[in-house]
Structures are given as structure tokens and as C-alpha cells.
Amino acid sequence: MAASDCFQVVPGHPLSGTTTVPGDKSISHRAVMFGALAKGVTHVRGWLAAGDTEASLASIQALGVAVERHSRSELTIHGGQLHPPQGVLNLVNAGTGIRLLAGIMCGQPFESVLDGSEQLRRRPMKRIIAPLRDMGAEISGVNDRAPLTVKPAALRGIRYEMPVASAQVKSAVLLAGLFAQGQTTVVQPGPARDHTERMLSAMGVSIQSDGREIILTPTADLKAVDLTVPGDISSAAFLLVAGLIVPGSDISLTGVNLNATRTGILDVLTTMGANLQVQETGLEAGEPVGTIRVRHSALKGTEVGGSVVVEMIDEFPILMVAALAAEGRTVVRDAQELRVKETDRIAVMVKELAKMGANIAETPDGFVIDGTQQLHGATVDGHDDHRIAMSLSVAGMAALGETTVLDARCAGDSFPGFAETMSALGANIHVAPVPA
Ligand code: S3P
């Protein structure tokens, strides 16, 4: 796709068939970063070759790590030694990329600068800067935002009680903890995704977790492993909601990550009356995977708040689309973190869906939707935020009339081939140049 491409969506085409979804984005970032630290050869299959993860891969290569690229999704990483980078490490739009890599950089004996796009420069970094400084790190930003400059410093383990349940913050602190003197403990207020704990543990790091408190013992000895990255449930969510709201749909998604710290969306959709069948089929990269079958369903409104929020934090834009198709009221609370994602995802979705006729009440930490609401096709804007662009496309599949999603190239930040995957299932969506 070119930078100016858009999605054109013609509604009323049911989805049917079976498909996979691209590799998990969170696990793909970690696979290349932890593989870079591990001594020896890390082999990764099913890796997500997308905008965000390519930025992490390019950064570890800039740190002198040799990577063999067998195909887009299969890599061999020769890790164990990082070298001073020639220039700035550019994480482009990747919040996970910059925050996790910053944790690693704090433990290195050389200086580095981490930066990214204008969008990434707007995102809050104090949440990692503060605990990393408590550990003795020399890290600074520009008004606590990227670019971040990291200088060599001796680190000490700390006990850190995270004010927000964030897997990125947890991971940054734990990764710095690998290079610290003494144990590092992170206490999380909610069950943030635990891919870092699982992968570090598989690489031989002593890391204990009771789900709330995670204790890491420092080590320089990560052992290289073979990993197959499971399918991303956050990408699957767009297909699931499309299947639920487009009449006549019946689709199955195979190889999807079913890690319980990620499946909040399945619980909430089930409460809404979704006809979902979930079957666990095995383990990949220490994560449970399985098949999800979804059929068009009559949905009803629900209330979402508390600990499930972090287990589905990236799924709220697409949940909005499901809630518009649901009978009755949906109320979302405790989701203020949505305001500091790639965009303010509450404000942006409310604004763009309004162009399609939606009436959504925005609250400081969520939203209220009274459904059902029949949307009409419109020209809407993806705001360079992949989850916004894909959610609006799915909304268009159940609207009356055609929808054009501008600035849709960003879908490739997490779901390359989104339109092609949807089309293969029968949706009428295609990539087109922006109309003059
Ligand atoms: C991620 C953690 C979440 C999530 C992001 C990926 C990760 O962010 O929104 O898409 O891979 O650790 P926060 O840690 O900011 O909640």
C-alpha cells in the first residue's frame, strides 16, 4: 500500500471460511529483542512482519545483531552481544518497541538515542523514565517524551508498584532488571499481558509471578530458543466482530493466541450474546493457541470495567463497533489508557463514527452507546492509527452504503494484508488510491 491509500468498503457481503491471522505483535517485538540478548541462535517462525515490529527488528540490527531473513515471517537471530549504534534507533510508531528497548538500553555500557515518528513523540514516556531512574538509569526525554537519551549507568533492582496496569512499563522495568544488582520486583494493579514473563522464563531467566507480583533475578545468560509466534488475538478481533455483525457470516480463525491475559474481548463478546466457539489446540512459544469460530449473532449491550479492561485494551475501538450493533446500552469504564495510545482512541472513534451517523457519549474513562444504531457509509479518517482504520472498515461492512477509510496504510502496522484477508473471506473491501 502507498502512504495515501484508502480502504473502500461495500457492505452486505457475508464472511465465510477459515483463515489464520498474522503473528502476535507483542510476542514478535519480544522475540527479536530477547533473541538479540540471548547467547546463540534464536529461530523465529510466524513472526509478524509489520510496520511496528520491523522497526524493532531494524533497531536490533542497528545494535550490531546479525539477523538472517529466510522469509518475511521466518528469522534467525544471532544474539548475545549488542554494540553501540551508529545513529538514532528509530522505532517509528511502535510504543512497545521504544518502551521495551529503552529498558534494555539502560543496562548497556554505551549511549543510545531512541526516537520515532511525530505520533510516537507525543506519547507519554514518564511512565518508564520514572521507574528506570529509580533503578539508577540515566535516561532522559524531551519533556518526558521521545527522543529518549540513555547513558551508561549502574542499575540496582527495585520494588516497583505500577500506578497503571501496563505490560510495556512492566517489561521495561524487568528488562532493565536483567542488568541490575539485586532482584527486581514489579507489582501490577491488574493482569497486564505476561508475554515478557513467559518468554524470559523459557530463555532460562529466573522469574517468579503470582499474577500480581513478578520477581526477576538478574542474569546475563539468556539461552536462545526456537519460537513459533501464535496468531494475534488483537488482529483476530476485527474478523470476529465483522463475523458477528454482518448477517449470514460464519468464519473460523485458527492458531490464535488464547493467553488469558489477552482474551478479555472473547469474554465480553460472549456476555453480549456472541455465538463464539473456542477450542484450544496446543501451545506455541509457551502460549495457549486455538481455533475460534464465530457466527452472525444478535448482540445485546453490556458493562465493561475493572480488571478485564487491560485484558482487552487494544480491542475497545472494535468493541465500539460491536456495541453499535447491539440491542440496549453498553457502558465502558476504567479505560482512560485508551487516550494515550497511538491516538486518543475514545475521542477519535467517537468523532469518526459520528460521520457514519453514530451517537456515542464520551466519558473521561470510556463511553456509553445505546444500540442498536444503523450506520450509513461515509468517508472517514484512520488517523494513522491501525486499530482505528480497521475498526472503521468493519463498521463499514454493516453500514448502509459505501465507506471510504482514508489514511488506511497504517493497518499494516499490525495487520499486513488486512483487506486481502477480509476479501478472501467474502467481504467487499479493497485498497484504492485516495479519491481526488
Ligand atoms: C503491549 C502493551 C499494551 C498494548 C500494546 C502492546 C505490549 O500497552 O496496548 O498494544 O506488547 O506490551 P500498555 O502497556 O501501554 O498498556
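This structure is a prediction, so every number in the text was calculated from the model and none was measured.

(A) Main features of the sheet that holds strand E18 (residues 303-304). An order of E18-E19-E21-E20 is seen for the four strands of this open sheet, with the pairing classed as mixed. Looking at which strands have only one partner, the edges of the open sheet turn out to be E18 and strand E20 (360-363). Examined bridge by bridge, E18 and strand E19 (residues 328-332) share two bridges and lie parallel to one another. Each residue of the ladder has a partner; that of Val-304, found in E19, is Val-332. Sheet contacts for helix H10 (residues 316-324): E18, E19, E20 and strand E21 (366-371); angle to E21, the most-contacted strand, approximately 20°. Contacts from helix H11 (residues 345-354) reach E20 and E21 within the one sheet, and its direction differs from that of E20 by about 160°.

(B) Representation of the nonpolar core in the model. Among the nonpolar cores identified, the biggest contains 78 residues, and Leu-269, Phe-316, Leu-319, Leu-353, Val-394 and Met-422 are the most heavily contacted of them. The dominant element in this core, judged by the number of residues it contributes, is helix H8 (residues 233-245), at ten residues. Leu-63, Val-67, Leu-75 and Ile-128 belong to the second-largest nonpolar core, a separate cluster that totals 65 residues.

(C) A look at the environment of Asp-226. Structurally, Asp-226 is set in strand E14 (residues 226-228). Residues Asp-226 and Pro-416 lie 190 residues apart in sequence; the distance between their C-alpha atoms is 24 Å.

(D) Structural view of the site of the ligand. Looking at the ligand, the residues that line it are Ser-26, Arg-30, Thr-96, Ser-166, Ala-167, Gln-168, Arg-193, Ile-313, Asp-314 and Lys-341. Gln-168 is positioned with one of its backbone polar atoms (N or O) 2.9 Å from an oxygen atom of the ligand. Across the complex, the protein chains shield 95% of the 380 Å² of accessible surface that the ligand would expose by itself. The pocket occupied by the ligand, as judged from atoms lying within 2 Å of grid points, is the largest pocket. Elements with a contribution of two residues or more to the shell around the ligand: helix H1 (25-37) and helix H6 (167-177). When its residues are assigned to classes, the shell around the ligand shows two nonpolar, four polar and four charged. Counting contributing residues per domain, the shell around the ligand is built from domain 1 (5-23 + 230-433) and domain 2 (25-228), each supplying no fewer than three.

(E) Main features of the side chain of Arg-99. Assignment of secondary structure puts Arg-99 in helix H3 (residues 95-105). Despite its burial, Arg-99 pairs with no opposite charge, the nearest such side chain being Glu-337 at 6.7 Å. A distance of 2.7 Å separates a polar side-chain atom of Arg-99 from the backbone oxygen of Pro-124. When sequence neighbours within four positions are dropped, the list of residues in contact with Arg-99 reads Arg-123, Pro-124, Met-125, Arg-127, Ile-128, Gln-168 and Ala-172.

(F) Quick peek at the layout of surface pockets. Considering only enclosed or pocket space, the largest pocket measures out at about 600 Å³ in volume. The wall of the largest pocket is formed by 37 residues, among which Ala-165, Ser-166, Val-310, Ile-313 and Lys-341 lie closest to the centre. Those elements giving two or more residues to the lining of the largest pocket turn out to be H1, H3, H6 and helix H12 (386-397). Of the residues contributing to the lining of the largest pocket, the split by class is ten nonpolar, eleven polar and 16 charged. Domain assignment of the residues forming the lining of the largest pocket places at least three in each of domain 1 (5-23 + 230-433) and domain 2 (25-228). Reported here for the second largest pocket is a volume of approximately 290 Å³. What lines the second largest pocket is a set of 21 residues, and nearest its centre among them are Ile-245, Ala-325, Gln-373, Gln-374 and Ala-398. Grouping the amino acids of the lining of the second largest pocket by side-chain chemistry returns 15 nonpolar, six polar and no charged.

The rules we used
Residues numbered from 1 in each chain as written. Predicted model: local features only at pLDDT ≥ 70, side-chain atom pairs only at ≥ 80, totals over all residues. Heavy atoms only, no water. Pairing = 2+ DSSP bridges. Helix = DSSP H or I, 4+ residues; strand = E, 2+ residues; numbered from the N terminus. Contact = heavy atoms within 4.5 Å. Axes fitted to C-alpha atoms, helices over the stretch in contact; angles between N-to-C directions. Core = buried A, V, L, I, M, F, W, Y, C linked by side-chain atoms within 4.5 Å. Buried < 20%, exposed > 50% of the residue type's maximum accessible area, 1.4 Å probe, protein only. Near = heavy atom within 4 Å. Polar contact = N/O pair within 3.5 Å; in protein donor to acceptor, adjacent residues only side chain to side chain. Areas by Shrake-Rupley, 256 points an atom, 1.4 Å probe, with all protein chains shown as cover. 1 Å grid on protein atoms, 1.4 Å probe; cavity = no way out; pocket = protein on both sides within 12 Å on 5 of 7 lines; lining within 4 Å. Sits in = over half its atoms within 2 Å of the grid points. Nonpolar A, V, L, I, M, F, W, Y, C, P; charged D, E, K, R; others polar. Domains from an automatic or database assignment. Lys, Arg positive; Asp, Glu negative; His and termini not counted. Salt bridge = Lys/Arg side-chain N within 4 Å of Asp/Glu carboxyl O. Points joined across faces, edges and corners; volume = space filled by probe spheres on them.

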